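Chain and residue survey
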Amino acid sequence: MDGRDLVRSMKAVGSEGAAQGLRTVRAAWRRRQADASGLPPRGAERARVPGPMQEVEPGPGGGVVRFSRSELRVLVAANGAVFWGWDGAGPEPSYALAGRCPEPDPRAVLEPDKDGGWRVVAERATVAVSRHGSVEVLTPGGVVLRRELPPRWWEPVGGGPARWTQRSEVAADARFFGLGGRAAGPRLREGTYRLWNSGPRLPFAPGEDPLSVTMPVQLVVADAGTHLVFHDSSWDGTVALREGEEGAGSGHDRPGRSVLRMDGGPLRCWVTVGTPARVLLAWTSLTGAPALPPAWALGHHHARSGPGDEQEVRRIVAGHQERDLPLDAVHLDVDHLDGRQVFTVDEERFPKLPVLAEELRRDGVRLVSVVGPAVPAAPGNAVYDGGTSEDVFVRDASGRVVQGVGWPGEVVFPDFTRARVREWWGGLYEERLGQGFAGFWHDLDEPTSFAAFGEATLPRSARHFLEGRGGDHREAHNVYALGMARAGYEGVRKLAPEERPFVLSRSGWAGMQRYGGAWSGNVATGWPGLRAALSLVMGLGLCGVPYAGPDVGGAGGSPSPELYLRWLQLAAHLPLFRTHGGQGAGRGAPWEFGAEVLEHARVALVERRRLLPYFVTLAHLARRTGAPYVRPLWWWTPEERALRDCEDAFLLGDCLLVAPVLGPGADRRAVQLPRGRWYDVVTERAYEGPAQVLVDAPLARIPVFARAGAVLPVRGEDGGPVLEVWAPARGRTGGGLVVPDAGDGWVEPEIERYVSRWEGGRVVVEREGEDGVSEPSRPVRVRGLVERSAQM
């Protein structure tokens, strides 16, 4: 136990009470003792590099290149993604992949290259391997997108997993994005980013690293093209990034640099190349389609922390209804549970929860229950007793069940890297469903300690099944929450097969989108926290996790009325829209901030309800294409450098541009517009891009723009669907996609394609289909006409 453990433990003593603090001290001591006896010391290490090339063995989709001290396997998959692995590493097994590795592309073969190297030429990229082990990824036109220098391993002389380093270079103009959910971003500037899922000890803002969702996934955007690289190792590591610098005419550019250092695991990676949309499509085909949320999950959620009961839940719902504030879900934190249970409701405070849930459902409001992985280590606890008899809990190197500290006290943890444990855990959700809950919110799933946030609850020496391979927590930690999300998702789908599961996780890894979305965790209350919240959502979307969002107002304090309102206005345009109040979360309901905030908040909430059909369409498109709901401004034109450096606005699908207010006291703000005509959705004034424009941003609203020609589905005044059409520029056409949805279930609806154009003096909207063009079957509302006429 070192000084940091002691400081954290003393903090826990002050915040959670002496008994909990002492348990935390003991747990930290046990972790240290377990690792000291369960992990071999590193000792002396021997450095290794690939050495000179020896021979080449072509094969389907690529082949094997052998060096004197390693070998490299190269594979081009049928979906256009490129894989390579050192030391015989193949694509499988992998927690990131959805199923088996794609079939190789039979057209791709290893062939001789210049200077004694070899290359594989594919449709979307060329991979060149030098005779000393560097790997280059080039565009079809021969421009280098990424150069991976020969890797270096450090192998313990006495045996054990090798550390390794992979240095990479990218173009001088390139920008880095991704690495999971990062508070600093979405553009990742010079710095070192850790790859170890961690629950921050305190509410976080830009500068806090790492957070709950880390992924070795980089999306790199440059003039020459966009590429995504995923180094498939779940071990602890760091990525040091440095943007390049152009020579400004001197002819000497400094390339951008990435240095990946991992404590172990295979050195293997996937690369996809193309436009941002094509790159995310290929990435999704590898890691799986995002889970489709039920329609209610795309509405307004409210989470409540602290002591409460059924009457408190009714008061929250009634407060929204009396003030005409849309509400679709209420999340209950750990306080609704029996203090020593995991899946058991406190019947004293919630004696008729199924009745309450049914009443709320009739009013269009669902209940969501928090679920954590920690099981109280108490004989007599049904989950603990059942798990003990089934042998599902994580053990240490000596075979003893590992105990940690959670909110109920001493706890144990299921091993979600074993299929039968996931099935057992998924069956436990039957009790929650029987109580009337419609969704689940996974918290503290890194896993981390409730008493000392930031602490890894399991020692690194803890043993895991790892689908039969066997290993320890150094490899399993980052995929632990992914396994829990899978267990919950698959369990709920089996128990309620007619409904789409709603699973929201705080932590996760590459591929987590298959099982649900991500909640940002405890973003700090304050304006820096507001920026961090937007960064997290955009970063996760670029890593393939489209459904994500923060808690409005943040955590760790009570936001000012202005901050709360600006946060709510932003969140109303994010996939997960959740307000949060109660003990430890400060004020959270709109009426708690005064009459003016309430009035403006109602406008934002009603607008979110109006846009619900558009969010449903974005959810279906994300599932089919991998495209995030929230996209950077450069999504369609990554070659425009001014857009690559814009971090304070985003595209919501293809049709809308949202420019939130991220600082205090602002009533105007500058907005960088992409190419084309854009309409202010409130004033309908038209602006021409590319340009930076100064627009009004009164407290009542944030600037939102619609693309000229856009066709998007909205909710009409009678609750039915309406096509909202923004007039295209003269001589141009527009269009949009609409995916109708029943709200739940598994029927795959047809994508409706619409085109907008001028015909004489009016805007015409037509639906395109296999049988030709037809009139829309939905009401149409055309906007932007008055401003157009005024400008003509």
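Scroll up to find the structure this text is about.
Keep in mind that this is a model prediction, so the values were computed, not measured. Numbers given for residues are sequential positions, taken from 1 along each chain in its written order. Whole-chain, interface and lining totals are the exception, using all residues; otherwise, since this is a predicted model, local features are given only for residues with pLDDT of at least 70 and side-chain atom pairs are given and counted only at 80 or more. Excluding hydrogens and water, the side-chain figures rest on all heavy atoms present in the structure.

**Re the overall build of the protein**
What counts as a helix is a DSSP run of H or I of at least four residues, what counts as a strand is a run of E of at least two, and both are numbered from the N terminus. The secondary structure content of the protein amounts to 15 helices and 46 strands. Taken along the three principal axes of its C-alpha coordinates, the protein extends 80 × 70 × 50 Å. Buried positions account for 60% of the 792 residues belonging to the protein. With an accessible surface of roughly 29500 Å², the protein has 50% of that area assigned to carbon and sulfur atoms. Within this scheme the basic residues Lys and Arg register as positive and the acidic residues Asp and Glu register as negative, but His and the chain ends are omitted. Every charge is mapped to an atom, namely NZ of Lys, CZ of Arg, CG of Asp or CD of Glu. Across the protein, 94 positive and 98 negative side-chain charges occur, with their mean positions spaced 4 Å apart. The classification of residues rests on relative accessible area computed with a 1.4 Å probe and restricted to protein chains. Under 20% of the type maximum is buried, over 50% is exposed, and intermediate values are partly exposed. For every accessible area listed, the method is Shrake-Rupley and the probe measures 1.4 Å; residues are considered covered only by the protein chains on display.

**Thoughts on empty space enclosed by the protein**
Cavities and pockets are found on a 1 Å grid laid over the protein atoms alone: a cavity is a set of points where a 1.4 Å probe fits but cannot escape, a pocket is an open set with protein on both sides within 12 Å along at least five of seven lines, and a lining residue has an atom within 4 Å of such a point. Grid points are joined across faces, edges and corners, and a volume is the space filled by probe spheres set on the points. Under the definition given, this model contains nine cavities of 30 Å³ or more. As for the largest cavity, its lining consists of 16 residues, of which Arg304, Gly306, Gly308, Leu332 and Phe350 are closest to the centre. Considering each element in turn, the lining of the largest cavity owes the most residues, three residues, to helix H4 (residues 310-322). When residue character is reported, Ala, Val, Leu, Ile, Met, Phe, Trp, Tyr, Cys and Pro are called nonpolar, Asp, Glu, Lys and Arg charged, and the others, Gly included, polar. Taken together, the residues of the lining of the largest cavity sort by class into six nonpolar, four polar and six charged. Reported here for the second largest cavity is a volume of approximately 70 Å³. The wall of the second largest cavity is formed by Gly181, Phe204, Leu211, Ser212, Val213, Arg506, Trp519, Ser520, Leu536 and Leu540. Each residue belonging to the lining of the second largest cavity can be placed in one class, and the counts come to six nonpolar, three polar and one charged.

**Things to note about the pairing of strand E2 (residues 53-59)**
Pairing between two strands is assigned when DSSP locates at least 2 bridges connecting them. Sheet topology places E2 next to strand E3 (residues 62-67); six bridges connect them, and they run antiparallel. Bridging from a neighbouring strand, valine 56 pairs with valine 65 of E3. The antiparallel hairpin formed by E2 and E3 contains two residues in its connecting segment, where glycine 61 sits at a positive phi of about 75 degrees.

**Structural notes on the pairing of strand E37 (residues 668-680)**
For E37 and strand E38 (residues 686-696), the ladder comprises 10 bridges, and the chain directions are antiparallel. By the bridge assignment, tyrosine 679 is partnered in E38 with alanine 686. Between E37 and E38, which pair antiparallel in sequence order, lie five residues; one of them, glutamate 684, sits at a positive phi of approximately 65 degrees. Of the pairings in the sheet, the one linking E37 to strand E39 (residues 704-707) comprises three bridges and is antiparallel in character.

**Digging into the environment of alanine 291**
Mapped onto the secondary structure, alanine 291 falls in the loop between helix H3 (276-287) and strand E20 (300-305). Separated by 328 residues in the primary sequence, alanine 291 and alanine 619 have C-alpha atoms spaced 8.8 Å apart. Those residues within four positions of alanine 291 in sequence are excluded, and the remaining contacts are Tyr489, Gln513, Arg514, Tyr515, Gly516 and Arg623. It only takes one pair of heavy atoms within 4.5 Å for two residues to be counted as in contact.

**Here we look at the packing of aromatic side chains**
Each aromatic pair joins two rings of Phe, Tyr and Trp (for Trp, the six-membered one) with centres within 6.5 Å, and gets the label stacked for planes under 30 degrees apart, edge-to-face for over 60, and tilted for any other angle. With the rule as written, the count across this model stands at 20 aromatic pairs. Pairing tryptophan 86 with tryptophan 153 gives two aromatic rings, centres 6.0 Å apart and planes at 75 degrees, and the pair type is edge-to-face. Within this pair, whereas tryptophan 86 is found in strand E5 (residues 82-86), its partner tryptophan 153 is found in strand E11 (residues 152-156), the two being separated by 67 residues in sequence. Accessibility expressed as a relative area gives 3% for tryptophan 153, which makes it buried. Here the aromatic rings of tyrosine 687 and phenylalanine 705 are separated by 5.8 Å at their centres, their planes lie at 85 degrees, and the arrangement is edge-to-face.

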